[in-house]
Amino acid sequence: MTICATKIFDFLEKNQILIEKHEVFLVDFSRLRHNLRSIIERVSQSDNIEAYEICTQFRVLLSEWLTAPVIFDEYFFENLRFFSDPSTVASKWGNDVRVYFEAALNSAEKLINQTNPVRSILLETIRELRIQNKSFKIYCHRLAKPHFDSIIDPETGTKIENDKFIHTAKDYRDLEPVDVLIKVGPLRAKGWGSVPDAIITSPRFRKLVQVVWRGCFDENDFGYNPVVSADMASINSLKIEFSSSSVASSTI
């Protein structure tokens, strides 16, 4: 059942909204992203169906990796194998694409068994919320949920409960106000990690915890509503505060 507008306005009036952003970085993951984007740029210059399918698959992989707490394991590495072996890549797409692909495979292999910092931040955040007995929800794509399900607190053996997840704009509209909303990835209106702009224009939370990879930016006009009144926009802007942190790791 959709929450009435009066209840939401009362909530906004009584609460100051905090947006807490955590930026993460891994050298090998950054190199992997760069090489895959370079492959997409080169291969997309071909106008055949195979080129389109390859670019689509790589874009989907990147979107998933950037908006979900993936595990860097053998399966993560094997996700790249659909592109064939490097020698075949060279004969079909050119030596520059082969070089990018070999570099991508090398970076992916180095990532295996490294800890994804996104998972570490989520684990610590959820652990603290449970200790403080605060309510929270996680907004993610339905297909990303298994990645979140794999996060288990090693101290308690606790997984994230199914009722902690919301996946659609309707889920958000029906959401009772919570203490914290968790989002992995930038705030964008389209794509794998899309979220409704109501997250900004009509917060149902006291704090948004956002975990993003370095270089992933929110849409400039995300949450902008040209029909909202100036008074309401002013109220919202005055009640939102921002904080941020950065987690950087590197491979020796």
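Look up a bit, the structure's there.
None of these values were measured; they are calculated from a predicted model.

### Let's talk about the overall build of the protein chain
Part 1 of the reasoning: Helix and strand counts for the protein chain stand at 11 helices and six strands.
Part 2 of the reasoning: Here the contacts in the protein chain between residues at least 6 apart in sequence split such that 81% fall between residues at least 24 apart.
Part 3 of the reasoning: Counting every atom, the protein chain has about 13200 Å² of accessible surface; 52% of that belongs to carbon and sulfur.

### Focus: the pattern of salt bridges
Part 1 of the reasoning: Under the defined criterion, the tally for this structure stands at 15 salt bridges.
Part 2 of the reasoning: Taking the shortest distance from any N to any O, the salt bridge between Glu 20 and Lys 207 comes out at 3.1 Å. Here Glu 20 is found in strand S1 (residues 17–26), whereas its partner Lys 207 is found in strand S5 (residues 205–213), with 187 residues between them in sequence.
Part 3 of the reasoning: Owing to a relative accessible area of 18%, Glu 20 belongs among the buried residues under this scheme.
Part 4 of the reasoning: Here Asp 149 and Lys 145 are joined by a salt bridge, their closest N and O atoms 3.0 Å apart. Here Lys 145 and Asp 149 lie together in helix H8 (residues 145–149), a separation of four residues that amounts to about one turn. Summarising the burial analysis for this pair, Asp 149 and Lys 145 share the class buried.
Part 5 of the reasoning: Sharing partners across several salt bridges, the network here consists of Glu 124, Arg 127, Asp 153 and Glu 155.

### Structural notes on the packing of aromatic side chains
Part 1 of the reasoning: Using the criterion set out here, one finds eight aromatic pairs in the structure.
Part 2 of the reasoning: Through successive ring pairs, a cluster of aromatic residues spans Phe 29, Trp 65, Phe 72, Phe 76 and Trp 213.
Part 3 of the reasoning: Here Lys 164 stacks its cationic end above the ring of Phe 136, 4.6 Å away from the centre of that ring.
Part 4 of the reasoning: In this structure, Arg 214 packs its charged tip against the face of Phe 25, placed 4.5 Å from the ring centre.

### Observations concerning the nonpolar core
Part 1 of the reasoning: Residues Phe 29, Leu 32, Trp 65, Leu 80 and Phe 83 are the most contacted members of the largest nonpolar core, which totals 54 residues.
Part 2 of the reasoning: The biggest single contributor to this core is helix H3 (residues 49–67), with eight residues.
Part 3 of the reasoning: Not counting residues within four places of it along the chain, the set of residues in contact with Phe 29 comprises Trp 65, Leu 66, Phe 72, Phe 76, Leu 111 and Trp 213.

### A few points about the pairing of S5
Part 1 of the reasoning: By the criterion of burial, S5 is predominantly enclosed, with seven of the nine residues buried.
Part 2 of the reasoning: Bridging between S1 and S5 involves seven bridges; their strand directions are parallel. The residue bridging Lys 21 from the neighbouring strand is Gln 210, located in S5.

### A closer look at the packing of helix H2 (residues 27–43) against helix H6 (residues 95–111)
Part 1 of the reasoning: For the pair H2 and H6, the least separation of the axes is 8 Å and the interaxial angle reads 155°. In this view, H2 runs roughly antiparallel relative to H6, as classed from their interaxial angle. The hand of the H2/H6 crossing is left-handed. Facing Asp 28, Phe 29, Arg 31, Leu 32, Asn 35, Leu 36, Ser 38, Ile 39, Arg 42 and Val 43 of H2, the residues of H6 in contact are Asp 96, Val 97, Tyr 100, Phe 101, Ala 103, Ala 104, Ser 107, Ala 108, Lys 110 and Leu 111.
Part 2 of the reasoning: Residue classes in the contact of H2 with H6 are distributed as 12 nonpolar, three polar and five charged.

What counts as what
- Residues numbered from 1 in each chain as written.
- Predicted model: local features only at pLDDT ≥ 70, side-chain atom pairs only at ≥ 80, totals over all residues.
- Heavy atoms only, no water.
- Helix = DSSP H or I, 4+ residues; strand = E, 2+ residues; numbered from the N terminus.
- Contact = heavy atoms within 4.5 Å.
- Areas by Shrake-Rupley, 256 points an atom, 1.4 Å probe, with all protein chains shown as cover.
- Salt bridge = Lys/Arg side-chain N within 4 Å of Asp/Glu carboxyl O.
- Buried < 20%, exposed > 50% of the residue type's maximum accessible area, 1.4 Å probe, protein only.
- Phe/Tyr/Trp six-rings, centres within 6.5 Å; stacked < 30°, edge-to-face > 60°.
- Lys NZ or Arg CZ within 6 Å of the ring centre and 35° of its normal.
- Core = buried A, V, L, I, M, F, W, Y, C linked by side-chain atoms within 4.5 Å.
- Pairing = 2+ DSSP bridges.
- Axes fitted to C-alpha atoms, helices over the stretch in contact; angles between N-to-C directions.
- Parallel < 35°, antiparallel > 145°, perpendicular 65-115°, else oblique.
- Left-handed = near helix turned anticlockwise from the far one by under 90°.
- Nonpolar A, V, L, I, M, F, W, Y, C, P; charged D, E, K, R; others polar.

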